[in-house]
Amino acid sequence: MEAVVDVDYVVVGAGAMGMAFADALVAHDPDVSVAIVDRRHGAGGHWLDAYGFVRLHQASAFYGVASTLLGDGRTQEEGPERGLHERANAAEVCAYYARVLARLTATGRVAFHGRSEYLGDGRITSLLSGARFHAPGARIVDARYLSPDIPSLTPPPFAVEDGARVVAVNELVRLGEAPERFVVVGAGKTATDTCVWLLQNGVPPNAITWVRPRDPWLLNRAVVQPDPAIFLGMAADTMAAAAAATSADDAFLRMEDAGIMLRVDPSVAPTMAKTPTLAVWELDLVRQIDDVIRRGHLQAVAPGRLAFADGDVRVPAGALVVHCAAEGLKYPGVRPIWAPDAITPQPVRVGFPCFGAALAGYVEATRDDDAEKNRVCRPSPYSNTPQDWARMQVIGGDASLAMTREADLRDWSNTTPLNPARVSPDRADDPAVLAARARLKESIAPGRERLAEFAGTG
């Protein structure tokens, strides 16, 4: 037996994208009804399975839903990030989403189906009771399209032979004794976080081996802040660097000189450009690790041995291998956000997925024609390589232009901290903001033209 659920939308996924979309939709359509479905017990997506020492890599204000600020909007007053905006930890993010979900369900127009599976065709089944539900005629919002893979839920992408000690990063906070050596596997944000945390907790740099198949480019957190003078100034410097560059790789070197991009090893040219943010103090810490293995992807682990395609590397027999090598961000390619089968929220500005999903929710609430919605709200991809990054800048720039040509979208976007380019009314005449805007206006056209060449779209 199926219980009929009379709702207008079924949002599949209660992570960042699904919650941002639902929040904006409900806020701007007073008559809409929504069912949110997730395999997890609550809202928050992968944050509910995150490792214990994780924090947002960006300012809290850029994350969450449009109607509710994550955190207090404050700058840090002490510690190595004094003067930078606060960054929530996992517990704070999960508590935030629990509050947002409670507020949405309290409207009487939103129902949450936790620990439930979406079966397709508007059908839902509970993983606890087995109860089945059907929402005939509801529009489907697929918020799972870009869901990341994380180590705690993804097996290691290498073979583990008998006797080898391999744990997902989540297990580090539960270790009962110190291993002979930590072998951190991965080149992305999780691996970098892990190295920082180990060093902060007294592990000597020479007790860490870092298996880094590719070196990453990272954004300097100090220039990605919810302050329009800083953010627009960073955008202007980015476009100026691109305009003067001879290749995508050269653009990154110029951005490094401008204090925008960071790399762990100045002697190695990074090939990965997912560009999470990193603080300079974190960079200084991880640069203390000298034992870095760059031999491609790890293929297998055995007691005392790491196997690569070109041979083995010996490590202490009691080494603990820390799995940080889940795929993370997905790269399925952009697709129209509005299609007959589903609405698929995606970033619409370079990065910042929460803003993109919230904008899509606002557009869904305020427009009737799907073609018109797709015209004004265009998807932007994530980047993996420097060339991808150039393409992302071009596509994301086009999406931003399409959005800002619509007066109501422009006005709405300026009300939410999720929009990194937001200029609040009290800063509109700030000389520093005006100067940053002027520099961006001067550099954006030549910068975009050069980036289109690097991306192969010019």
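The following refers to the structure shown. Computed from a predicted structure; not experimentally measured.

So, how was this worked out
- Residues numbered from 1 in each chain as written.
- Predicted model: local features only at pLDDT ≥ 70, side-chain atom pairs only at ≥ 80, totals over all residues.
- Heavy atoms only, no water.
- Buried < 20%, exposed > 50% of the residue type's maximum accessible area, 1.4 Å probe, protein only.
- Helix = DSSP H or I, 4+ residues; strand = E, 2+ residues; numbered from the N terminus.
- Pairing = 2+ DSSP bridges.
- Axes fitted to C-alpha atoms, helices over the stretch in contact; angles between N-to-C directions.
- Expected span 1.5 Å × (residues − 1).
- Bend = angle between axes of the 7 residues up to and from the residue.
- Contact = heavy atoms within 4.5 Å.
- 1 Å grid on protein atoms, 1.4 Å probe; cavity = no way out; pocket = protein on both sides within 12 Å on 5 of 7 lines; lining within 4 Å.
- Points joined across faces, edges and corners; volume = space filled by probe spheres on them.
- Nonpolar A, V, L, I, M, F, W, Y, C, P; charged D, E, K, R; others polar.

Remarks on unusual backbone geometry
Then comes step 1: You will see that Thr-275, though not glycine, has its phi angle at about 55°, which is positive.
Then comes step 2: For Thr-275, a relative accessible area of 10% translates into the label buried.
Then comes step 3: One non-glycine residue, Phe-352, lies in the positive phi region at around 55°.
Then comes step 4: Position of Phe-352 among the secondary structure elements: in the loop between strand S20 (320–323) and helix H7 (353–366).

What to know about the sheet that holds strand S11 (residues 182–185)
Then comes step 1: The parallel open sheet is built from five strands, whose spatial order is S10-S20-S11-S12-S16. Every other strand in the sheet has two partners, leaving strand S10 (165–168) and strand S16 (292–293) as the edge strands with one partner each.
Then comes step 2: When S10 meets S20, the two strands line up parallel, connected through four bridges. Pairing of Ala-168 across the sheet is with His-323, part of S20.

Points about the sheet that holds strand S1 (residues 2–4)
Strand pairing within a sheet occurs via backbone hydrogen bonds; the two strands may be parallel or antiparallel.
Then comes step 1: The sheet built from four strands is open, its strands ordered S1-S7-S6-S5 with mixed pairing. Sheet topology places S1 and strand S5 (116–120) at the edges, where each strand pairs with a single neighbour. Averaged over all pairs of adjacent strands, the angle between strand axes in this sheet comes to 30°, irrespective of strand direction.
Then comes step 2: Of the strand pairs in this sheet, S5 and strand S6 (residues 123–126) are connected by four bridges, and their pairing is antiparallel. Bridge assignment links Glu-117 to a residue of S6, and that residue is Thr-125.

Things to note about the pairing of strand S18 (residues 305–308)
Then comes step 1: Looking at chain direction, strand S17 (residues 300–302) and S18 are connected through three bridges and run antiparallel. Bridge assignment links Ala-302 to a residue of S18, and that residue is Arg-305.
Then comes step 2: If you look at the hairpin formed by S17 and S18, you'll find two residues sitting between the two strands, and Gly-304 has a positive phi there, around 80°.
Then comes step 3: Alignment of S18 against strand S19 (residues 311–314), held across four bridges, turns out to be antiparallel. In the sheet register, Phe-308 faces S19, and the bridge partner there is Gly-311.

Description of helix H11 (residues 431–455)
Then comes step 1: The end-to-end C-alpha distance of H11 is 34 Å, a good match for the 36 Å that 25 residues give at a rise of 1.5 Å each.
Then comes step 2: The largest bend in H11 amounts to roughly 40° and is located at Ile-444, with the proline Pro-446 lying one to four residues further along.
Then comes step 3: Val-433, Ala-436, Leu-440, Ser-443, Gly-447, Leu-451, Ala-452, Phe-454 and Ala-455 are the residues of H11 that are buried.
Then comes step 4: Buried residues along H11 sit against helix H4 (228–244), helix H5 (248–257) and helix H9 (386–404).
Then comes step 5: Within two residues after H11, Gly-456 carries a phi angle of roughly 80°, on the positive side.

A short note on empty space enclosed by the protein
Then comes step 1: Applying the stated criterion across every chain, the model contains two cavities of 30 Å³ or more.
Then comes step 2: Within this model, the largest cavity holds a volume of roughly 50 Å³.
Then comes step 3: Every residue along the wall of the largest cavity is listed here: Ala-164, Arg-165, Val-301, Ala-302, Pro-303, Gly-304, Arg-305, Val-315, Pro-316, Ala-317, Ala-319 and Val-321.
Then comes step 4: For the second largest cavity, the full set of lining residues is Ala-61, Tyr-63, Val-65, Ala-66, Thr-68, Leu-69, Leu-70, Thr-416, Pro-417 and Leu-418.
Then comes step 5: Taken together, the residues that form the lining of the second largest cavity break down as eight nonpolar, two polar and no charged.

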